[in-house]
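Residues per chain are reported as follows:
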Amino acid sequence: MSGIKLAVFITEWDPHFWSRVLKGIGNRAKSYGYEVFVFDCFGGSGVKRKHDVGEFHIFDLPDLKQFDGAIVVASTIVPTVVVNYLGDRIIKSGIPAISLEVPIDGLDFGGISNHDALISMMDHVIAHHKCKRIYYVSGPEGNAEAGMRKNAYFEAMEKAGLEVKEENTFTGTYEFDSGYRAVNYFKSLPDGLPQAIVCANDAMAMGVCRRLDELGVPVPDQVIVTGFDNIDTSNDYVPSLTTVSRPKKELGAMAFDYIMKKIEDPSTSTGFKCKTRIEYRESCGCQSANLYVGRKFREEHFRQVEEEANLSRFMNRMLARVTDCDWFSELFMCLRDYVDMLECERFYFCIDNSLIDEGIVLPGDHTDKDTIREQLRWMKEDFPEKVSVVLATNKGKLFKCADYNGRERIMPIEEEEFRSSSDMYIYEPIHYQDNCFGYCIMVNPTPGKRILGVSQWLLVVGNAIETIRRKHMMNLAIEQLDELYTTDPLTGLYNRYGLERYAAGMIETCMKERQPLVAVFLDLDGLKPINDEFGHEVGDIAIKTVADVLRVVGDEGDVATRLGGDEFLVLCSADLDLVEKKIAQVDKELVKKDKELDLPFNVRASAGYKCIIPNENFDLDVLIEEADQAMYEVKKKKKEAMSLQNRKNSIS
């Protein structure tokens, strides 16, 4: 076989799965020269959140028919509905697949028996330590693995003839603080703390031990505590945890081998099982306390403390910088300084092109379609069709990538230049809540280094993109609100508020430079008869026609205003000869409009003007009133001329 592409689905709530299971898969794939595409996210709190929806979008990215096989690390994925959704997609694709640790209907299963492993731990606590009151800390609801372990707890209690109650269990999230809170809950029960607390994973068991120590309750002398998973720190914790050890690196390697076997022989359907064993340590009393802290432990402890401190400082600096960014281009340039922390051979930051094209509207550039309502509707529930690679690095050096069709491929075409047959690609979603922006690709990362900080990095970037988007939406909103305040909605000319605002600068300039200020007052002829005979909608057409002509005739800097009804005002600074030419041009343009619109009447306007060189005693209202009077005289002469013409016509 050659050119094999394997898809892996996993979530990162348990970093030890990342470093072990994927290492097992990656090592085997590298030895065969096959590519591994890992679709990873940080969703899975056990509760329904928009953030989790955005995280799990990454599972929709790949077209599974383009892959030769799939591995689902189902034990890391919460809730079960996502696991089942993935299973359905894989089954429909028809590619060989296996589910690890948690069964998925229709897929082969590989992993341990969570049920049998927890039963063995319960038997040890009951039979060896003679415990009768045993409470249980469970993983999150909706996680199949957590459910299997919890059911085993109830079964073991009933098998031993011990009293078992739902209230003696606490549902956590597989995190340290869940164990801490579980002790507070158990302490509040009528019977108080039990003889033993069995936990669904090590992190929660550590939280239990921490809280019991704070309460002055010795472990294991007063309360026995057990965990599950045998994570790296379980043996170094104080007390060291009695826990279930399951092979993780071997699990990844076995999963890879099984998929290869199934590719060769599709009839293969036996799956595989991994053995577990109980590590008997201090937290149950089967191992004496070891007070000697060795050099290796001290080195590891202080290395971890240093890494966490460096990460905290790093993320604080990154957060401070990205929150200063006002433009996407500025953000993407800023992120160049923060890619190194991801420690991967190549990195691609791929986002929806329409986010840049449509999500940002420059002041003054928006059209009728670019309303706030339209901006708010920029919501993506799937990955982009047109992808822009806004940041790409190869061994720390920047290079450019062309846009590509996200429906046809999931990586830039430029990757073909570097691509080898045994690369590992890690895909992570870029989003804000359930709004999908795109994804980033880490090629051949260092798994052990990658664990710390990546979730924070992605969260900071997603929030920064949304912050910039909202900043520009706010700017657009302010601009549009300002336009609503100063602009006449029918014609698009200034209204009276706009006149007051924009005339001020022109008046000040004319006063300083002793230049003429001209007010041209226009009135639409015969609007009332038009409205009476054809309706107000047609009358509005006539009003807008005059406004359109004023825009055509006017010069930059003129303040064209609809004062209301059929009255218009244009303020300008020009010689009287030019003003009269403009008024004459208005008449000519209206005649042209008549032909274009083919209306059953002629659109005409009367115009009068007044010119003044303003001084400190200047009053704009007086100037407008005088221009109005000049317009009235023009309109009066028009009516007299029309009346005379009508009399001549009647005589002839």
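Chemist: Would you take a moment to explain the sheet that holds strand β22 (residues 605-612) for this structure?
Modeler: Spatial ordering of the open sheet is given by β20-β21-β19-β22, a layout of four strands whose pairing is antiparallel. Taken across any chain shown, the strands that pair with only one partner, and hence form the sheet edges, are β20 (559-564) and β22. Averaged over all pairs of adjacent strands, the angle between strand axes in this sheet comes to 20 degrees, irrespective of strand direction. For β20 and strand β21 (residues 567-572), the ladder comprises five bridges, and the chain directions are antiparallel. Note on β21: the bridge partner recorded for Ala560 is Val570. Each of β19 (517-524), β20 and β21 is contacted by helix α17 (residues 536-553), which is oriented at about 10 degrees to β21, the strand it contacts most.

Chemist: Would you take a moment to explain the packing of aromatic side chains for this structure?
Modeler: Two aromatic rings, taken as a pair, are described by how far apart their centres are and by the angle between their planes. All told, the structure shown has 29 aromatic pairs when counted by the stated rule. Considering the side-chain rings of Tyr32 and Phe256, the 5.5 Å spacing of their centres and the 45 degrees angle between planes classify their relative orientation as tilted. With a gap of 224 residues between them, Tyr32 in helix α1 (residues 15-32) and Phe256 in helix α8 (residues 249-264) connect regions that are remote in the sequence. Among the residues examined, Tyr32 registers a relative accessible area of 42% and is labelled partly exposed. A relative accessible area of 0% places Phe256 in the buried class.

Chemist: Even after reading the chapter, I still don't get the pattern of salt bridges, so can you show me in this structure?
Modeler: A pair can form between side chains of opposite charge whenever their charged atoms are brought close. Taken as a whole and assessed by the stated rule, the structure comprises 37 salt bridges. A salt bridge links Glu279 to Arg277; the nearest nitrogen and oxygen atoms lie 2.7 Å apart. The exposure class assigned to Arg277 is exposed, which follows from its relative accessible area of 54%. Taken together, the shared-partner salt bridges in this structure form one network comprising Glu101, Glu145, Arg149, Asp229 and Arg246.

Chemist: Explain the packing of α17 against helix α18 (residues 576-597) to me, please; I cannot follow it from the model alone.
Modeler: Each packed pair of helices is defined by two parameters, the angle between the axes and the distance between the axes. Following both chains from N to C, one finds α17 and α18 inclined at 130 degrees, their axes separated by 9 Å at the closest point. When the axis of α17 is compared with that of α18, the two are oblique. The handedness of the crossing between α17 and α18 is right-handed. Here Thr545, Val546, Asp548, Val549, Leu550, Val552 and Val553 of α17 come into contact with α18, specifically with Lys582, Gln585, Val586, Glu589, Leu590, Lys593 and Leu597. By residue class, the composition of the contact of α17 with α18 is eight nonpolar, two polar and four charged.

Chemist: Help me out: how do you make sense of the side chain of Asn201 in this one?
Modeler: Of note, Asn201 is situated in the loop between β8 (196-199) and α7 (202-214). Judged by relative accessible area, Asn201 falls into the buried class, the value being 5%. Among the polar contacts listed, one links the side chain of Asn201 to the backbone nitrogen of Met204, at a separation of 3.1 Å. Contact partners of Asn201, with chain neighbours within four places excluded, come to Tyr174, Gly227, Phe228 and Asp229.

Chemist: Sorry if this is basic, but what is going on with the state of the cysteines here?
Modeler: Simply put, disulfide is the name for a covalent bond between the sulfur atoms of two cysteines. One pass over the full model with this rule turns up zero disulfides. Of the cysteine sulfurs around Cys334, a residue in no disulfide, the closest is that of Cys325, at 4.5 Å. Assessed through its relative accessible area of 4%, Cys334 is described here as buried.

Chemist: When you look at α8 in this model, what are you seeing that I'm missing?
Modeler: The end-to-end C-alpha distance of α8, which contains 16 residues, comes to 23 Å, matching closely the 22 Å that a straight helix rising 1.5 Å per residue would cover. Within α8, the full set of buried residues consists of Leu251, Gly252, Ala253, Ala255, Phe256, Tyr258, Ile259, Met260 and Lys262.

Chemist: Would you take a moment to explain the pairing of strand β5 (residues 108-111) for this structure?
Modeler: The side chains of a regular strand alternate between the sheet's two faces. Residues Asp108 and Gly110 line one face of β5 and the alternating positions Phe109 and Gly111 line the opposite face, and both faces are buried. In terms of strand pairing, strand β4 (residues 97-100) meets β5 through three bridges, oriented parallel. Directly across from Ser99, in β5, lies its bridge partner Phe109. Across two bridges, the pairing between β5 and strand β11 (residues 272-273) is parallel.

Chemist: How should the nonpolar core be read in this particular structure?
Modeler: One recurring pattern in soluble globular proteins is that nonpolar side chains are buried together. Among the nonpolar cores identified, the biggest contains 109 residues, and Ile134, Met318, Leu335, Phe347, Phe349 and Trp457 are the most heavily contacted of them. Ranked by residues supplied to this core, first place goes to helix α14 (residues 454-486) with eight residues. Not counting residues up to four positions away in its chain, the partners in contact with Phe347 are Val339, Leu342, Leu391, Ala392, Thr393, Cys440, Ile441, Met442 and Trp457. By size, the runner-up hydrophobic cluster in this structure holds 40 residues, among which are Ile58, Ala74, Ile95 and Tyr427.

Chemist: Looking at this structure, I do not really get a negative patch on the surface. What am I missing?
Modeler: Residues Glu500, Asp619, Asp621, Glu625 and Glu626 make up a contiguous surface patch of negative charge. It is helix α19 (residues 620-651) that contributes the most residues to the negative patch, three residues altogether.

Chemist: Help me out: how do you make sense of the pairing of β19 in this one?
Modeler: Of all eight residues making up β19, eight are buried, and the element is well covered by its neighbours. Burial of β19 is two-sided: the residues Leu517, Ala519, Phe521 and Asp523 facing one way and the residues Val518, Val520, Leu522 and Leu524 facing the other way are all buried. Bridge count for β19 against β22 is eight bridges, and the pairing is antiparallel. In the strand pairing of β22, Leu524 is matched with Ala605.

Chemist: Explanation requested: the environment of Asp191 in the structure shown.
Modeler: Locating Asp191 in the fold gives a position in the loop between α6 (176-188) and β8. Between the C-alpha atoms of Asp191 and Asn168, which are 23 residues apart in sequence, the distance is 10.0 Å. Among all residues touching Asp191, those that are not within four sequence positions of it are Arg133 and Tyr135.

Chemist: Explanation requested: the environment of Glu408 in the structure shown.
Modeler: Within the element layout of this structure, Glu408 appears in the loop between β16 (404-405) and β17 (424-432). Residues Glu408 and Glu385, spaced 23 residues apart in sequence, show a C-alpha to C-alpha distance of 8.4 Å.

Chemist: Honestly, unusual backbone geometry in this entry has me stumped. Any pointers?
Modeler: Among all residues save glycine, negative phi is the norm, and among peptide bonds the norm is trans. The step from Val219 to Pro220 runs through a cis peptide bond, and the omega angle for that step is 10 degrees. Locating Pro220 in the fold gives a position in the loop between α7 and β9 (224-226). The omega torsion across Val238 and Pro239 is 0 degrees, close enough to zero to call that bond cis. Relative to the helices and strands, Pro239 resides in the loop between β9 and β10 (243-245). Its identity is not glycine, yet Lys130 carries a phi of approximately 60 degrees, on the positive side. Along the chain, Lys130 turns up in the loop between α4 (114-128) and β6 (134-138). The phi dihedral of Arg514 is positive, around 55 degrees, even though this residue is not glycine. Structurally, Arg514 is set in the loop between α15 (496-513) and β19.

What counts and what doesn't
Residues numbered from 1 in each chain as written. Predicted model: local features only at pLDDT ≥ 70, side-chain atom pairs only at ≥ 80, totals over all residues. Heavy atoms only, no water. Pairing = 2+ DSSP bridges. Helix = DSSP H or I, 4+ residues; strand = E, 2+ residues; numbered from the N terminus. Axes fitted to C-alpha atoms, helices over the stretch in contact; angles between N-to-C directions. Contact = heavy atoms within 4.5 Å. Phe/Tyr/Trp six-rings, centres within 6.5 Å; stacked < 30°, edge-to-face > 60°. Buried < 20%, exposed > 50% of the residue type's maximum accessible area, 1.4 Å probe, protein only. Salt bridge = Lys/Arg side-chain N within 4 Å of Asp/Glu carboxyl O. Parallel < 35°, antiparallel > 145°, perpendicular 65-115°, else oblique. Left-handed = near helix turned anticlockwise from the far one by under 90°. Nonpolar A, V, L, I, M, F, W, Y, C, P; charged D, E, K, R; others polar. Polar contact = N/O pair within 3.5 Å; in protein donor to acceptor, adjacent residues only side chain to side chain. Disulfide = S-S within 2.5 Å. Expected span 1.5 Å × (residues − 1). Core = buried A, V, L, I, M, F, W, Y, C linked by side-chain atoms within 4.5 Å. Patch = residues over 30% accessible without salt bridge, like charges linked within 9 Å, V, L, I, M, F, W, Y side chains within 5 Å. Areas by Shrake-Rupley, 256 points an atom, 1.4 Å probe, with all protein chains shown as cover. Lys, Arg positive; Asp, Glu negative; His and termini not counted. Charge placed at Lys NZ, Arg CZ, Asp CG, Glu CD.

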